[in-house]
Amino acid sequence: PSARLIVDHDFIISDLDRRIFGTFVEHMGRCVYTGIFEPGHPSADDQGFRQDVAELTRELGTTIVRYPGGNFLSGYNWEDGVGPVEERPRRLDLAWFSTETNAFGTNEFIDWSRKVGVEPMFGVNLGTRDHDEARRFIEYCNHPGGTELSELRKSHGYEKPHDIKFWCLGNEMDGPWQIGAKTAGEYGRIAHETAKVMRWVDPSIELAACGSSNRDMATYARWEYEVLDHCFDYVDFISLHTYFQNPHDSTEEFLGNIELLEAFIREVVAIADAVAATRRSPKRIMLSLDEWNVWYKARTHEHLRKPGWPEHPPLIEEVYNTEDALLVGGALITLLNNADRVKCACIAQLVNIIGPIMTEPGGAAWRQTIFHPFALTARHAHGRVLRSLISSPSYAGKTAPEIPYLHACVTEDETTGQVTIFALNRHLGEPMDLEVLLRGFGGNRQVVEALQIHHPNMKAVNTKDAQDTVAPAPIETVSLEGDRLQARLMPGSWNVIVTA
Ligand code: AHR
C-alpha cells in the first residue's frame, strides 16, 4: 500500500514526559533474584547486582522502574526487607506461592536504581495494610531525620533520604486474585486517606491511584469513576494495566490490539475528565500505564505457580517473537501520540518475567525481540510529540473494525533539531510506500539514521545461542528532498527514521 503522513513544526500534541519509558521489577520468579540481583554471578558487583543486566538496562533506556510489585506488593511488609540481611525473615509469598527470602529490599533497590541511573517508583501495600503503614514507610524513605523511622533508615546506612517522588497506591485492587481486594468504594476511601497522609509527610511526591486491572474487568469504567470521585483531590495519576493477547492466533488481529490501547486511553481520559467536570475543576488527572506488555504464551497455571513454595522459581518467562516486537513498537507509538495525557508507563517487567531482558542463572544475559523497539524509541524520541495527519488504507478485523496499515508518530527535539518518524507497516504481504511531508522545519534536512525491525518469520525469537535473530537493520530505501521524505517499509515492519 501507499500511505502519507503530514506533520507541521507548529502543531504540537505535548512535550514528551520521558517517564513513559518505564519498566517494572517485581519480587516475582526470577526478576529480582537471578535477574537484577545474583550474588556470586561472574558479573556481580560487591552488592550482588548483575552488571550484564545493569548494562542492558542502561542500553534499554528505561527512565523509571516500578518496585516491589505487582501482586506481591499486596502482602509485603517493607520492614522485612530493611536492616541486617541475616535478621530478615523468610516469608510465604501468597501472590506467587513462593518463599521470599528478603535478601533484597527497599535499600538495595534504591542502590541498584542509583547505580543504573533510573528513577525509582514505589508502591505502598493497600492489600493487607493501610494508610498508617504507608505514612510510616514514606517517613522511613523520605524524611530527612530526627524521627524514629528516619533515624532507623540512617542506622541502616542511608544518611540521606531516598527522596522517592512517584508512589503507587496499591496494585490491582479490583482483582479477585489480589490479597485484600476491594470494592471501588472501599479502595477509593483508603486511597484518599493514604494519599492525604503521604502528602502530609512529603508534599513533593506524585501519587497514582489504581485503575482497573484491565479493560475487560466487569467493573471497568465504573471503578475508575468511583475511585477518582473519592480521591480526585489527592492524586495525580490513575493507573492502567494491559497485557496484549493473541486469541485469534493471527498477526493481523494481534496488531489490531494497538487500536484497543488507543480506545482504553481515551476512555480513561474521558472518565477522569468527567470526574473533574462534576467539580468544575481545571485539574487534569494524568495516566500511568504502569503495567503493559505482550503476555499470553506463558500464562498457564504451570507458568504462574510451582509446587513446594520454592525460592524464585522460573515464572511466566515469555519468549518474545517478531510480531511481539512489532506490537510493542506500535504500542509505543500510541503512547507517544497520547503524550498530553499519558505521562508515565512501565513495560512489565524488566528481566525474565515477561521482560525485554532474559538471563540464565550464573550465565548469559540477552535481548529479547521486544527490547529493540523499546530501546530505539527511548533513544530517539525526545522533546515533543507533533500531531501526525495520516492517510492510509485500512483492513477490517475482529479485534477492531478499522485498522490502518500505517501507524505512526513524529517527535521533534528542538535542542538538537532532530525530527524522528516512528512507523509501523501492518501490511504483512506488501511493502509500504510512505511519503512524509515535514512542514516548517527548515531546509537542508538529512536522514541521519533509518532502522527497521523486520523478520520474514513472525514467530522468530532471540535465544541465548541466537541472540540477534530479530534485531535492528538499516532501511534500504529512504530519501529526503526538501520537505518530502520517502521510504519503502518492509511488509510487517516497525521503523525509525531520524532526520536532522
Ligand atoms: O506483571 C505480572 C503481574 O500482572 C503483576 O504482579 C500484577 O499486577 C499483574 O496482574
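How each quantity is defined
Residues numbered from 1 in each chain as written. Predicted model: local features only at pLDDT ≥ 70, side-chain atom pairs only at ≥ 80, totals over all residues. Heavy atoms only, no water. Helix = DSSP H or I, 4+ residues; strand = E, 2+ residues; numbered from the N terminus. Buried < 20%, exposed > 50% of the residue type's maximum accessible area, 1.4 Å probe, protein only. Contact = heavy atoms within 4.5 Å. Areas by Shrake-Rupley, 256 points an atom, 1.4 Å probe, with all protein chains shown as cover. Polar contact = N/O pair within 3.5 Å; in protein donor to acceptor, adjacent residues only side chain to side chain. Pairing = 2+ DSSP bridges. Domains from an automatic or database assignment. Buried area = accessible area lost by both parts, 1.4 Å probe. Salt bridge = Lys/Arg side-chain N within 4 Å of Asp/Glu carboxyl O. Axes fitted to C-alpha atoms, helices over the stretch in contact; angles between N-to-C directions. Parallel < 35°, antiparallel > 145°, perpendicular 65-115°, else oblique.

A. Molecular detail of the overall build of the protein. Check the secondary structure of the protein and you find eleven helices and 24 strands. Reported as C-alpha extents along the three principal axes, the dimensions of the protein are approximately 65 × 60 × 45 Å. In the protein, buried positions account for 61% of the 500 residues. Restricting the contact set of the protein to residue pairs at least 6 apart, pairs at least 24 apart contribute 76%. Accessible surface, the protein as shown: approximately 18,300 Å² in total, 51% of it carbon and sulfur.

B. Inspection of the environment of Asn107 at higher detail. Along the chain, Asn107 turns up in helix 2 (residues 106-116). Residues Asn107 and Arg484, 377 residues apart in the sequence, show an inter-C-alpha distance of 52 Å. Among all residues touching Asn107, those that are not within four sequence positions of it are Val82, Tyr140, His156, Tyr158 and His162. A distance of 2.9 Å separates a polar atom in the side chain of Asn107 from a polar atom in the side chain of Tyr140.

C. How the structure looks around the sheet that holds strand 24 (residues 493-499). In spatial order, the strands read 21-20-24-18-17-14-1-19-23-22; together these ten strands make up an open sheet with mixed pairing. Bordering the open sheet on either side are strand 21 (473-474) and strand 22 (478-481), each of which pairs with just one other strand. Alignment of strand 20 (residues 447-453) against strand 24, held across six bridges, turns out to be antiparallel. Directly across from Ala450, in strand 24, lies its bridge partner Ile497.

D. Region of interest: the domain arrangement of the protein. Taken domain by domain, the protein holds domain 1 (2-10 + 385-499) and domain 2 (17-380). With both chains or domains summed, domain 1 and domain 2 bury close to 3,400 Å², and 64% of this area falls on carbon and sulfur atoms. Scanning the region where domain 1 abuts domain 2 turns up four salt bridges. The closest approach of N and O atoms between Asp249 and Lys459, which form a salt bridge, is 3.7 Å. Where domain 1 meets domain 2, there are 19 residue pairs in polar contact (both at pLDDT 80 or more). For the side of domain 1 that touches domain 2, the elements supplying multiple residues, two or more each, are strand 14 (384-391), strand 16 (403-404), strand 17 (406-413), strand 18 (418-425), strand 20 and strand 24.

E. The arrangement of the side chain of Arg30 in detail. Tracing the chain through its elements places Arg30 in the loop between strand 2 (22-24) and helix 1 (51-60). There is a polar contact of 2.7 Å between the side chain of Arg30 and the backbone oxygen of Thr359. Beyond its immediate chain neighbours, meaning those up to four positions away, Arg30 contacts Gly35, His312, Pro313, Pro314, Glu317, Val351, Asn352, Ile353, Thr359, Glu360 and Pro361.

F. Structural detail: the packing of helix 1 against helix 11 (residues 371-380). Viewed as axis vectors pointing N to C, helix 1 and helix 11 meet at an angle of 55°, and their least axial separation amounts to 8 Å. The orientation of helix 1 with respect to helix 11, classified from their angle, is oblique. For the pair helix 1 and helix 11, contact is made by Leu56, Glu59 and Leu60 and by Phe371, Phe374, Ala375 and Ala378, respectively.

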